[in-house]
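Spelled out, the chains give:
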Amino acid sequence: MKLRFTKMHGLGNDFVVIDATRAPVDLTPARVKAIADRHFGVGCDQLLVVEPAARPDVDFRYRIFNADGGEVEQCGNGARCFVRFVHDKGLTDKAEIRVETRSGIIAPRLRADGLVTVDMGVPELAPAKVPFVSDSDAVVQPLQVGGDTVAITAVSMGNPHAVQVVADVDAAPVVEQGARIERHERFPARVNAGFLQVVDAHEVRLRVFERGAGETLACGTGACAAVVAGILRGLLETPVRVHTRGGELEIAWDGPGTPVRMTGPAVTVFEGEMELA
Ligand SMILES: N[C@H](CCC[C@H](N)C(=O)O)C(=O)O
């Protein structure tokens, strides 16, 4: 099977994007892993599939697969690439589109300056909805990680996030501890582990160990979840500039019950095709 794809990235969080608007693509977990493999395949953190709308109030459907082959609910950097992709491919002439994902509708908008703003929806804070096993709905909760007790905030942006505050993201045990948090038994769907350093009330640094992909250079939903956690903890005020290893995002949130708005770049790197078993 010949697979045509577009390679894109949002701040170095990289994607293989597939246009399935004219014909469906049969993606098994094994095929996703083969495409995402950085030595035997194309290589990416996530695979994004563009599908026709399945309901009248949206323009497209958006499916997201992690490099480990698992299908997930949401991808923020991918949403920015999604709207650039459908524009560049002539699949829409709208500047703002409504996109159905597994966790609800998001609205990416291509701006005149080339950046993309996305209404990422309303964050979910109830533990059961993250999901996070807890008998408390406190904003900060202790999590036993090996011999350490970590103070996390559990937030869902459609996908699950566990955010902790650290003094220095460069010194934080992101890979070793992130891998343990990702698979912690109190997160039954696993979790994206965020490490947040507060510079001031409107500026942070962030590293994320992503569920199903490991540490990425940037995580859009992770930046949204980190700003929500920081505002709820009284450490941040909207809007917040989020410095990731791949570059900067701007995140705005007016508080519980309101949507998170993310602004950042989306870049097309190359077009390609791959023989797929
Ligand atoms: N690893 C995430 C999906 C990709 C999210 C990230 N790449 C973003 O930009 O939001 C998860 O398993 O929930």
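Residues numbered from 1 in each chain as written. Predicted model: local features only at pLDDT ≥ 70, side-chain atom pairs only at ≥ 80, totals over all residues. Heavy atoms only, no water.

**Student:** What is the right way to look at the pairing of strand β2 (residues 13-19) in this model?
**Tutor:** Two faces, one strand: in a regular strand the side chains alternate between the faces of the sheet. Burial runs high along β2: six of the seven residues are buried. Sheet analysis places strand β1 (residues 2-10) next to β2, joined by five bridges and oriented antiparallel. Looking at β2, one finds that K7 is bridged to V16. With antiparallel pairing between neighbouring strands as the criterion, β1 and β2 make up a hairpin whose turn holds two residues, including L11 at a positive phi of roughly 55°. By the bridge criterion, five bridges tie β2 to strand β3 (residues 46-52) in an arrangement that is parallel. Bridge pairing links V17 to L48 in β3. Once the chain exits β2 it traverses helix α1 (residues 29-36) before rejoining the sheet at β3, and the crossover so formed is right-handed. (Buried < 20%, exposed > 50% of the residue type's maximum accessible area, 1.4 Å probe, protein only. Helix = DSSP H or I, 4+ residues; strand = E, 2+ residues; numbered from the N terminus. Pairing = 2+ DSSP bridges. Right-handed = clockwise from strand over helix to strand, strands pointing away.)

**Student:** Can you help me understand the nonpolar core in this one?
**Tutor:** With 49 residues, the main nonpolar core has Y62, F82, V242 and I251 as its most contacted residues. Ranked by the residues each element gives to this core, the list is headed by helix α4 (residues 220-232), at seven residues. (Core = buried A, V, L, I, M, F, W, Y, C linked by side-chain atoms within 4.5 Å.)

**Student:** How should the domain arrangement of the protein chain be read in this particular structure?
**Tutor:** One widely used convention gives an interface's size as the accessible area the parts lose upon coming together. In terms of domain boundaries, the protein chain breaks down into domain 1 (1-118 + 264-273) and domain 2 (125-257). Distance from the C-alpha centre of domain 1 to the C-alpha centre of domain 2: 23 Å. On the domain 2 side, the residues contacting the 19 residues of domain 1 number 20 residues. When domain 1 packs against domain 2, close to 1200 Å² is buried across both sides, 49% of that on carbon and sulfur atoms. On the domain 1 side of the contact with domain 2, L11, E73 and Q74 bury the most area, a combined 37% of that side's loss. At the surface where domain 1 touches domain 2, the tally comes to two salt bridges. (Domains from an automatic or database assignment. Contact = heavy atoms within 4.5 Å. Buried area = accessible area lost by both parts, 1.4 Å probe. Salt bridge = Lys/Arg side-chain N within 4 Å of Asp/Glu carboxyl O.)

**Student:** Looking at this structure, how should I read the packing of aromatic side chains?
**Tutor:** Centre-to-centre distance and the angle between the planes together describe a pair of aromatic rings. Within the structure shown, the criterion is met by four aromatic pairs. Centroid distance F60 to F82: 5.8 Å. Interplanar angle 70°. Geometry classified as edge-to-face. You can see F60 sitting in strand β4 (residues 60-66) and its partner F82 sitting in helix α2 (residues 76-88), a full 22 residues away along the chain. On the basis of relative accessibility, which here comes to 6%, the residue F60 falls in the buried class. Pairwise contacts between aromatic rings join F60, Y62 and F82 into one cluster. (Phe/Tyr/Trp six-rings, centres within 6.5 Å; stacked < 30°, edge-to-face > 60°.)

**Student:** What's the story with the UniProt feature "active site" (unreviewed entry) in the protein chain in this structure? I'm lost.
**Tutor:** This chain's UniProt record puts "active site" (unreviewed entry) on C75 and C219. Taken together, the annotated residues stretch across 145 residues yet fold into one region, lying no more than 8.0 Å apart by C-alpha. Inspection of the secondary structure puts C75 in the loop between β5 (71-72) and α2. When residues no more than four places from it in sequence are discounted, the contact partners of C75 are F15, Q46, Y62, I64 and T221. The residue C219 is located in the loop between β14 (214-216) and α4 in this model. Overall, C219 belongs to the buried group, its relative accessible area being 4%. Leaving out residues up to four positions away in the same chain, C219 has contacts with N77, H161, V208, E210 and L249. (UniProt positions renumbered as here; feature names shortened; annotations may be inferred.)

**Student:** Before we go on, may I ask you to explain the pairing of strand β13 (residues 203-210) in this structure?
**Tutor:** With respect to burial, β13 is a largely interior element, six of its eight residues being buried. Sheet topology note: the strand β12 (residues 192-200)/β13 ladder contains seven bridges and is antiparallel. If you follow Q197 over to β13, its bridge partner there is R205. The antiparallel pairing of β12 with β13 creates a hairpin that spans two residues between the two strands. As paired elements, β13 and strand β15 (residues 240-244) share three bridges and run parallel to each other. Bridge pairing links V204 to V242 in β15.

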